Amino acid sequence: MPELPEVETMCRGIEWIVGRRIARVSKPACEYRPISITPSVTTINKKLAGAKVERVSRLGKRVLIHAADHALILQPKMTGMVSLEDPPDLDHNRLQIDFKGWPTLQLFFWDRRGLGTVELQHEDAIEERIVNGKLGPDALTITFDIFSEKLSATSRAIKVALLDQKLLAGVGNLYASEMLHVSKIHPEKPCNKLTKLKKRLLYEVMQRVLLDAIAHEGSTLSDGTYRNALNNPGSYQNQHLVYDRANEPCPSCSLGTIRRIVQAQRSTFYCPKCQKK
DNA sequence: CATATGTCCTGAGAGC
DNA sequence: TGCTCTCAGGACATAT
């Protein structure tokens with residue numbers, strides 16, 4: 001489930017494509033239901049073939065490849081991967097970009113479950129169509145004042161609010177549990193009841209956890225799906241304190257036992273002893 | 001408007 | 001062993 005650190009790792013891993021010209025964009029034959037690609041691959045190929053990749057950027061949990069005044073926007077969602085290495089299999093290879101010149105270079109958008117999407121947007125339309133209404137400030141660049149203000153404006157549980165991409169872009173289910181644990185905040189705490197001090201702590205911890213996870217190239221969970229662009233697993237899963245550790249002793253206080261609860265139909269993990277309501 | 005719930009999809013793992 | 005069932009959760013659509 002690529003979140004900000006995994007998507008950031010993907011972006012850094014495909015930097016090799018910057019400066020290279022696109023030979024063709026194609027959709028490999030695939031027996032599964034095709035993923036959402038707009039406009040058609042044929043149209044995307046017409047726009048991008050021959051164009052030089054200007055840069056790669058990240059917007060929340062999306063990867064943007066900029067070329068020919070457009071951005072090809074890859075949204076991995078649950079099981080998508082953007083990689084320069086051969087994907088785990090060809091059956092789930094959803095989009096492929098071949099580059100001109102030497103050495104041979106191909107980019108794969110591989111997605112086992114096929115929930116991911118691909119779209120091509122003109123640079124001028126990105127702000128309006130992607131950012132406005134869909135994404136809040138990025139979790140790594142939001143200021144504390146805005147963060148604090150946004151939390152004060154809602155009574156939702158903090159864990160649920162952290163997953164709202166309109167409030168804050170980049171945090172997903174795994175890192176939300178981790179950062180609340182480190183901050184010693186109960187996941188069901190209503191946002192507008194957090195003290196300014198707690199919000200400040202969460203803000204600092206959020207950035208530390210995300211940067212630390214980037215340094216470890218993200219988390220590869222037991223299904224082994226996520227890989228960096230060179231096909232190696234991340235290592236932040238070894239740093240997880242609570243995620244997917246239900247019934248284990250709390251590594252922070254060693255008094256509590258990690259609990260799993262469900263919030264907004266998603267698993268939340270926390271220690272009832274050191275994350276009091 | 002704010003918030004809550006349902007849905008998409010495939011494969012891993014549990015249980016029988 | 002092989003079948004069926006449940007679950008994983010990002011983001012959007014729809015409902016309250």
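Every chain is numbered independently, its residues counted from 1 as its sequence is written. Note on labels: chains are lettered from A, ligands numbered from 1, in written order. Totals for whole chains, interfaces and linings use all residues, but because this is a predicted model, local features are given only for residues with pLDDT of at least 70 and pairs of side-chain atoms are given and counted only at 80 or more. Here the side-chain values reflect all heavy atoms present in the structure, with hydrogen atoms and water set aside.

*Asks:* Sorry, what's going on with the protein's contact with DNA strand C here?
*Replies:* By convention in these notes, a residue is near a molecule or strand provided one of its non-hydrogen atoms lies within 4 Å of it. Around DNA strand C lies a shell of 17 residues, among which R113, L115, Y243, R260 and R266 are the nearest. Of all atoms in DNA strand C that approach within 4 Å of the protein, 56% are sugar or phosphate atoms. Contact distances for DNA strand C include 2.8 Å between a base nitrogen and a side-chain N or O atom of R266. Here a phosphate oxygen of DNA strand C and a side-chain polar atom of S267 are 3.3 Å apart. Counted by class, the surface near DNA strand C contains 4 nonpolar, 5 polar and 8 charged residues. Pairs of N or O atoms within 3.5 Å make up the polar contacts considered here, provided that, within protein, one atom can donate a hydrogen while the other can accept it, and that residues adjacent in sequence are counted only when both atoms are side-chain atoms. Only Asp, Glu, Lys and Arg are considered charged, only Ala, Val, Leu, Ile, Met, Phe, Trp, Tyr, Cys and Pro nonpolar, and every remaining residue, Gly among them, polar.

*Asks:* Help me understand the pairing of strand β7 (residues 93–99), please; the structure alone is not making it clear to me.
*Replies:* Looking along a regular strand, one sees side chains alternate from face to face of the sheet. Remark: exposure states derive from per-residue accessible area (1.4 Å probe, protein chains only) relative to the maximum for the residue type, with buried under 20%, exposed over 50%, and partly exposed in between. Under the DSSP-based scheme used, a helix requires at least four consecutive residues in state H or I and a strand at least two consecutive residues in state E, with every element numbered from the N terminus. For β7, a buried count of 7 out of 7 residues is recorded, marking the element as mostly surrounded by other parts of the structure. Where strand β1 (residues 22–26) meets β7, 4 bridges bridge the pair, whose relative direction is antiparallel. Paired with S26 across the bridge in β7 is Q96. Here β7 runs beside strand β8 (residues 106–111); their pairing, made up of 5 bridges, is antiparallel. Residue pairing in the sheet places I97 in a bridge with L107 of β8. Any two strands with at least two DSSP bridges between them are considered paired. Hairpin connection, β7 to β8: the antiparallel pair is bridged by 6 residues, and G101 has positive phi, about 80°.

*Asks:* Help me out: how do you make sense of the sheet that holds β7 in this one?
*Replies:* Strand pairing within a sheet occurs via backbone hydrogen bonds; the two strands may be parallel or antiparallel. Taken in spatial order, the 4 strands make up an open sheet running β1-β7-β8-β6, and their pairing is antiparallel. Strands at the two margins of the open sheet, each flanked by one partner only, are β1 and β6 (80–83). Pairs of neighbouring strands in the sheet enclose a mean axial angle of 10°, with direction left out of account. Residue contacts follow a heavy-atom distance rule, with two residues in contact if any of their heavy atoms lie within 4.5 Å. Simply put, an axis is a line fit to the C-alpha atoms, just over the touching stretch for a helix, and the angle between two N-to-C directions goes from 0 to 180 degrees. The strands that helix α2 (residues 41–48) touches are β1 and β7; relative to β1, the one it contacts most, it runs at about 170°.

*Asks:* Just to check I follow, could you spell out the packing of helix α1 (residues 4–13) against helix α7 (residues 196–215) for this structure?
*Replies:* When two helices pack together, their arrangement is given by the angle between their axes and by how far apart the axes lie. Taken N-terminus to C-terminus, the directions of α1 and α7 make an angle of 40°; their axes are 9 Å apart at the nearest point. Here α1 lies oblique to α7, going by the angle between them. By crossing handedness, the relation of α1 to α7 is classed as right-handed. Facing L4, P5, E8, T9 and R12 of α1, the residues of α7 in contact are L210, A213 and I214. Of the residues that constitute the contact of α1 with α7, the class distribution is 5 nonpolar, 1 polar and 2 charged. Here roughly perpendicular refers to angles of 65 to 115 degrees, roughly parallel to angles under 35, roughly antiparallel to angles over 145, and oblique to all remaining angles. Helix crossings are classified by the rotation of the near helix relative to the far one: an anticlockwise turn of less than a right angle makes the crossing left-handed, while a clockwise turn makes it right-handed.

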